[in-house]
Amino acid sequence: MELKGRIISKGIGEGEALATAQPISFYGGVDPNTGEIIEKGHELQGKSVKGKILVFPNGKGSTVGSYTLYRMKKNGMAPAGIINKECETIVAVGAIISEIPCVDKVDISGIKTGDSVRIADGVVTMTRNQPEKETKV
Amino acid sequence: MLMYLTEKEQRMLDGEEGYAVRKSMEILVALGNIYGAEQLIKVGSVQVAGVSYHNLGDAGLEFLNELAKDGKVKVLTTLNPAGMDLENWQNLGITAEFAEKQNLVIDAFKKMGIIISCTCTPYFIGNLPRYGEHIAWSESSAVTFANSVIGAKTNREGGPSALAAAFVGKTPCYGLHLDENRVPNIHVQVNASLKKLSDWGALGYSIGKKAENKIPYITGIKDAELDELKSFCASVVTYGAQPLFYMKDITPGSENYSPPKETVTVEDKDIKDAYDNINDEVTDIELVCIGCPHCSIKEIAEIAELLKNRKISPNTEFWVATSRLMKQISDKRGYTETIERAGGKFACDTCMAVAPLKGRFKSVATTSAKGCYYSRQNKMLTKMGSLEECIEAAVTGKWS
C-alpha cells in the first residue's frame, strides 16, 4: 500500500514500523545512548527506536529534543525514518540536522507496529507482515 | 502550498554558500512549509539559545562544530547563558572536564561571528530591536520581553532554528510575525495587589495557567517597572501562555485593542495559590540565587545595599546571576566589592536554569518563579520570596 505525505527531511529510509498514537518527547523521553523510550507511562516505554520507522502524531516537550535526535544518530541509535501526522519544530529540525528521512501529513492510523515500511522522499510504502488476528480477552 | 523562494534563496538551499547555509535553508524551508509561511523575511537580530554543554552534550557540540566550519552569521547575533561563568568557573564548583567542553562550545559560536554575550537579557547589552522589527530570538523570557515590552516580532525559536536564521539573515514569515496572529484573545483583569518583585512572578504563574496558549490582554495594573516586567515575562511563558501579552497603558500596542470577551480575573487568593504551588516545605537553604532573568544593574545595586556589613551563612551559597557587562558596571560602582565582601559570588554568563546544579544543592531560594520551575527539574526544593527575604535566608541559612 502507498501513502503520499509531505517531505520534511529528504532521503530514503526502510525498516519495521514502531507505531504509537501518543506524542513523543525526545529530550528526557528517549535515552540517546540506547535509543530506548523511557518516558514514564508512554505506551512505547521500554521499546527501542533504533533502525525502526518511528510512527507518531507529533513531537512535544523541550526544543533541546532536536539535539537528542542528532545525538541518537551519532550513537547509531536513531530511527531509520520518521512518519508524523503533523510534524512540528522539534522533530523537523532534529530530523533535518540528523539527516533522518521524515514525512508528515500521513494517515498514521493505517500503520501498525511490525509493518514493513519504506519512506522514499514523500512516498510511504508499506507491507503488512502478519494478518491481523482477533484477540480474545 | 509551498513557501515561495527567491532565486537567491533557492541557490542557498542548493548549497551555493556551503554546508551551514544549506542546512539552515533546509530548516527554514521545512518550518515555513509546516506553519504555512508564504515567504522568508529579513530579521534585524538573532538571539541563540542552546549554549550550555549540560543540555547540548557531545552531539550538540559536534553539530555546532560542523556548522562553524563554514557558517558565518549575517546579522547581529547574541548568545544565551552558558553552563558556567566563563572566567570564574572554578570558584562556582564547575569541574575542569565540564569547563573544557563548555569552552569548545563557546569557541564554535565565536567562529560563527556570534557575540559571546551569554545572557538571557540581550536587550540590556546592545541587542535592542525597535518597535515592530522582525527578529528571530530563542530564550522564552527574552522572546516574551521583545514581543510584549518592546513590540518587536518574533516566534519562540529553538536553538537550531535561531542559528539557521542567523546564517541566512531571514526567518519564515508565520505565527507572531503576522499581525493577525498577534491579536489578544483573553482578557485578564488583575484585582490582586502586587507589592514585591516576586509577586510579579506569582502573577505570571497565575496568568500562565489561566491563559494557557493564549495571548492575554491584561488590565488593572497601574504601573510596572522594567525589572518587574522582566520577571513577569519569564514567568508567564514558563507557566503556559503565548510569548506575547498586552498590558493596558503600559506595553506598546495595547492602545490598539480593547479587552477580549473571554475574561478571567486574578485575585489576591490566586497570588497566594501561586506561592503555595511554587514553594516547598523547606527551612535550610543551601543556595540563594538572584537573577533569573539576569540581574539588571538596578537589581545589583539593591542587593549590594542589603548586603552592606553583613555576612552570608557558611552553610549557604549566594549567587548573583548576571551578564558580564552588568558585572563590569557593578565593578566600577563598587557593588561587586560589597557583595563579595559579604561572601556572595557573581555567576556571570550562566544561570540557575542551565548550570549543572543537579545533586549539588538540595534547596534554593530566589525571587524568580521561572528559577523555581527549573530548580525543581534539578531536584531542588524551592522557596520564592522578596529580595529582602532571600538576603535574610542567605545570611541566616534559613527560610523563616
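Residues numbered from 1 in each chain as written. Chains lettered and ligands numbered in written order. Predicted model: local features only at pLDDT ≥ 70, side-chain atom pairs only at ≥ 80, totals over all residues.

Asker: What is the right way to look at the sheet that holds strand β12 (residues 317–322) of chain B in this model?
Answerer: Sheet strands pair via backbone hydrogen bonds, and the direction of the pair is either parallel or antiparallel. Residue and element names in this part refer to chain B. Within the open sheet, the five strands sit side by side as β13-β12-β11-β14-β15. Their pairing is parallel. Among the strands making up the open sheet, the edge pair consists of β13 (345–348) and β15 (381–384). On average, each strand axis in the sheet is tilted by 25° relative to the strand beside it, whichever way the strands run. As defined by bridge partners, β12 adjoins β13 across four bridges and the pair is classed as parallel. Considered in β13, the bridge of A321 is made with A347. Packed on one face of the sheet, helix α14 (residues 387–396) meets β11 (287–290), β12 and β14 (363–366) and runs near 150° to β11. (Pairing = 2+ DSSP bridges. Helix = DSSP H or I, 4+ residues; strand = E, 2+ residues; numbered from the N terminus. Axes fitted to C-alpha atoms, helices over the stretch in contact; angles between N-to-C directions. Contact = placed C-beta atoms within 7 Å.)

Asker: Would you mind going over the confidence of the model for chain B with me for this structure?
Answerer: Low pLDDT marks stretches whose predicted atomic positions should not be read closely. For chain B, the average pLDDT comes to 96, and 100% of its residues sit at 70 or higher. Scoring of the predicted complex yields 0.91 for pTM and 0.79 for ipTM. (pLDDT = per-residue confidence, 0-100.)

Asker: Is there a simple way to think about the interface of chain B and chain A in this case?
Answerer: In many analyses, interface size is given as the accessible surface area lost on bringing the parts together. Each partner contributes to the interface: chain B provides 18 residues, whereas chain A provides 16 residues. Mapped onto the side of chain B that touches chain A, the elements with two or more residues apiece are α2 (19–34), α3 (53–70) and α6 (159–168) of chain B. Top element by residues in the side of chain B that touches chain A is α3 of chain B. It accounts for seven residues. Its residues assigned to classes, the side of chain B that touches chain A shows eight nonpolar, seven polar and three charged. (Nonpolar A, V, L, I, M, F, W, Y, C, P; charged D, E, K, R; others polar.)

Asker: In this structure, what is going on with α3 of chain B? I would like to understand it.
Answerer: Because each turn of an α-helix spans 3.6 residues, side chains separated by three or four positions end up pointing in the same direction. Along its 18 residues, α3 of chain B runs just 22 Å from first to last C-alpha, ending more than 12% under the 26 Å computed at 1.5 Å per residue. Remark: the principal bend of α3 of chain B, roughly 70°, maps to A59 of chain B. Close packing links the buried residues of α3 of chain B with α1 (65–74) and α2 (89–98) of chain A together with α2, α4 (96–111) and α6 of chain B. (Expected span 1.5 Å × (residues − 1). Bend = angle between axes of the 7 residues up to and from the residue.)

Asker: Where do I start with the environment of Q22 of chain A in this structure?
Answerer: Residues and elements named next belong to chain A. You can see Q22 is positioned in the loop between β3 (12–19) and β4 (53–56). When the C-alpha positions of Q22 and I53 are compared, they lie 15 Å apart, and in sequence the two are 31 residues distant. Each residue touching Q22, except ones within four places of it in the same chain, is listed here: H42, E43 and F56.

Asker: Can you help me understand the pairing of β11 of chain B in this one?
Answerer: Side-chain direction in a regular strand flips from residue to residue, so the side chains alternate between the two faces of the sheet. All names here are of chain B. Alternating residues of β11 divide into L287 and C289 and V288 and I290, and every residue in both groups is buried. Across four bridges, β11 lies against β12 in parallel orientation. Among the inter-strand pairings, C289 is bridged to a residue of β12, identified as W319. Note on the crossover from β11 through helix α10 (residues 297–307) to β12: the handedness is right-handed. Direction of pairing for β11 relative to β14: parallel, over a ladder of two bridges. Considered in β14, the bridge of V288 is made with A365. (Buried ≥ 20, exposed ≤ 12 C-beta atoms within 10 Å, placed from the backbone. Right-handed = clockwise from strand over helix to strand, strands pointing away.)

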